[in-house]
Amino acid sequence: MITFVLSILLLIIGYMLYSKVAERFFNVDPANTTPAYRKMDGVDFTPLPTWKVFVIQFLNIAGLGPIFGAIMGAAYGPAAYLWIVIGCIFIGAVHDFFAGMMSLRNDGANIPDLTGKYLGKGVKGVMNVIVAFLLLAVGVSFVTGPADLMASLTGLDKEIWLYVIFAYYIIATLLPIDKIIGTIYPYMGAVLLFMAAGVGVMLVAGDITGAHSMMELTPATLKNWHFDPSDNILIPMLFIVVSCGAVSGFHSTQSPLMARCLKNEKHARPVFYGAMIAEGIVAMIWATAAMAYFGGPEALNSAMTDGVMIDGVLTKVTPAIAVDMICRSWLGKVGAVIAVIGVVVCPITSGDTAFRSLRLTVADFLKSDQKPVSRRLLVCIPIFALAFFCCKMDFSTVWNYVGIGNQLLATVVLWTSAAYLINKGKPHWMCSVPAAFLTFVCVSYFIMAPHKSGGLHLAPAAGYIAGIAVALLLLIFCIMKGRRARRCTSSC
């Protein structure tokens, strides 16, 4: 229990201390007028209460990411705890905060426009492609998953549920942000937080009573527990599997949505940095719960590969099944209802904002004013037609690339943030060091990962050497660019 409690405390302390450092680095100014007022259109630029913006941001970035990713990460053992805590405080929350603040300072601009401004037009073109693919992939995945589950629960054909979910997505994407998203998201956020809090309480209570035990992080347990360690090497695979809960590029596509709704810059710290810390706490709870419930990472791996008996049927445990088993066992009938709501509704609430972000990204690229509903329809119809077509495909192969796409996007956003700090004559280390680390992760992943996961499947040594080399080259380039900017500033 010591590792679990200490990790939660460190996440909270990280918010209390390091978020203020980030705030000072960015020179947050409460006197600045935010885009919500400066560009108010009643559709996407709409001032909302800060508590509501926080809940929407939390649900946008969370969904099932910090649950499913954390459970899959738990298969690697207690090393996941380190990545969640350190990654969340020093990388993920900084990434989300800077993405939101840069958008605030640039009239609510989307990430491709921001990267274009600070890293060049060539990078902007690449980012448009990466962001569009990632948003489409997330949106489609968060249609098919809930549709499959609802079909199994109700007996209705999956096709019917696809139409129902798509109908909701179209409405949520077209309507002003305060009509559906701003109205129902607070309730969905409450469900996700209640589910995590309930599991967390039962986790601690069970450890005290001896019903189960939490594995502590020690030198002996700090190793790769994955059942297939040859293809799932701890470094860098763990950093890809656990994205939401530590750092995720998808969040940078969501922060501008809320940057267009903030009433004051001083609210950016609790909304952007704070929501990521809340997600880290949720991820910590579920990673610990998965190991404790199944009796450790070895037993968890066995359940995922060999299966367990459920209602007399040998069933391989997936993250969704693990959530259902834990909630039913620890939270009773109420837990079963919450599990269904969480597994079905939470991905939908991330899917609709993914499509909304995609609409805004495409609209910005086309320079299409989104206030008239006819303009929104012109952008939405092709997007949803393509998404519906993708739902007919076997999307599992595409989803294998979403994890690395997340971290690749986060890497570019952190380098963009470093360039922003250099542009403003400030030290860039807060962003450039995390960017260099994620560069190492992404490069080494592409070289070491199995072919089925998009990698070259070469020797780990090759991956590590290439990853370190590329990360150092970019960091040196960033340092040189910073020095040139300071010399230019002093000479002027």
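Residues numbered from 1 in each chain as written. Predicted model: local features only at pLDDT ≥ 70, side-chain atom pairs only at ≥ 80, totals over all residues. Heavy atoms only, no water.

Chemist: I'd love a proper account of the packing of helix α10 (residues 234-241) against helix α18 (residues 429-448), names of residues and values included.
Modeler: A pair of packed helices can be characterised by two numbers: the angle between their axes and the separation between those axes. Running from N to C, α10 and α18 cross one another at 110°; their axes reach a closest spacing of 9 Å. Taken together, α10 and α18 sit at an angle that is classed as roughly perpendicular. From α10, I235, P236, M237, F239 and I240 reach across to α18, where they touch F437, F440, V441, S444, Y445 and M448. By residue class, the composition of the contact of α10 with α18 is ten nonpolar, one polar and no charged. (Axes fitted to C-alpha atoms, helices over the stretch in contact; angles between N-to-C directions. Helix = DSSP H or I, 4+ residues; strand = E, 2+ residues; numbered from the N terminus. Parallel < 35°, antiparallel > 145°, perpendicular 65-115°, else oblique. Contact = heavy atoms within 4.5 Å. Nonpolar A, V, L, I, M, F, W, Y, C, P; charged D, E, K, R; others polar.)

Chemist: Provide a residue-level description of the nonpolar core, including the pertinent values.
Modeler: If you look at the biggest cluster of nonpolar residues, it comprises 158 residues, and the most contacted ones within it are W83, F97, Y169, V199, F272, W286 and F355. With 19 residues, the single largest contributor to this core is helix α12 (residues 268-294). In contact with F97, not counting residues within four places along its chain, are A22, E23, F26, V28, A268, R269, F272 and Y273. (Core = buried A, V, L, I, M, F, W, Y, C linked by side-chain atoms within 4.5 Å. Buried < 20%, exposed > 50% of the residue type's maximum accessible area, 1.4 Å probe, protein only.)

Chemist: Can you explain the packing of helix α6 (residues 111-119) against helix α17 (residues 402-423)? Please cite residues and give values.
Modeler: Two numbers describe how α6 lies on α17: the axes approach to 9 Å, and their chain directions differ by 45°. When the interaxial angle is binned, α6 and α17 end up oblique. The hand of the α6/α17 crossing is left-handed. Listed contacts from α17 to I111, L114, T115, Y118 and L119 of α6 are V412, V413, W415, T416, A419, Y420 and N423. Considered class by class, the residues forming the contact of α6 with α17 number nine nonpolar, three polar and no charged. (Left-handed = near helix turned anticlockwise from the far one by under 90°.)

Chemist: Now, about the pattern of salt bridges: what can you tell me, with residues and values included?
Modeler: In total, this model carries five salt bridges according to the counting rule given. Measuring nitrogen to oxygen at the nearest pair gives 2.7 Å for the salt bridge that ties D107 to R38. With D107 in the loop between α5 (79-105) and α6 and R38 in helix α2 (residues 35-38), the pair connects residues that are 69 residues apart, well separated along the chain. Take D107: its relative accessible area is 35%, and that puts it in the partly exposed class. Relative accessible area serves as the criterion here: at 41%, R38 is assigned to the partly exposed category. A salt bridge links D113 to K124; the nearest nitrogen and oxygen atoms lie 3.0 Å apart. With D113 in helix α6 and K124 in helix α7 (residues 121-154), this pair connects stretches of sequence that are eleven residues apart. On the basis of relative accessibility, which here comes to 25%, the residue D113 falls in the partly exposed class. (Salt bridge = Lys/Arg side-chain N within 4 Å of Asp/Glu carboxyl O.)

Chemist: Tell me about the side chain of N264, and name the residues and values.
Modeler: Note on placement: N264 falls in the loop between α11 (250-259) and α12. By relative accessible area, which is 16% here, N264 ends up buried. At 3.2 Å, the side chain of N264 and the backbone oxygen of P30 are in polar contact. A distance of 3.0 Å separates the side chain of N264 from the backbone nitrogen of K266, its partner in a polar contact. With residues up to four places along the chain from it excluded, the contact list for N264 reads P30 and T34. (Polar contact = N/O pair within 3.5 Å; in protein donor to acceptor, adjacent residues only side chain to side chain.)

Chemist: I'd love a proper account of the environment of V191, names of residues and values included.
Modeler: Counting through the fold element by element, V191 comes out in helix α9 (residues 181-209). Sequence separation between V191 and I341 is 150 residues, and the spatial gap between their C-alpha atoms is 7.9 Å. Excluding residues within four positions of it along the chain, V191 makes contact with I338 and I341.

Chemist: Could you give me a rundown of unusual backbone geometry, with the residues and numbers involved?
Modeler: Cis geometry marks the peptide bond from I235 to P236; its omega dihedral reads 20°. In this model, H457 sits at a positive phi of 60°, which is unusual for a non-glycine residue. Along the chain, the position of H457 falls in the loop between α18 and α19 (460-491).

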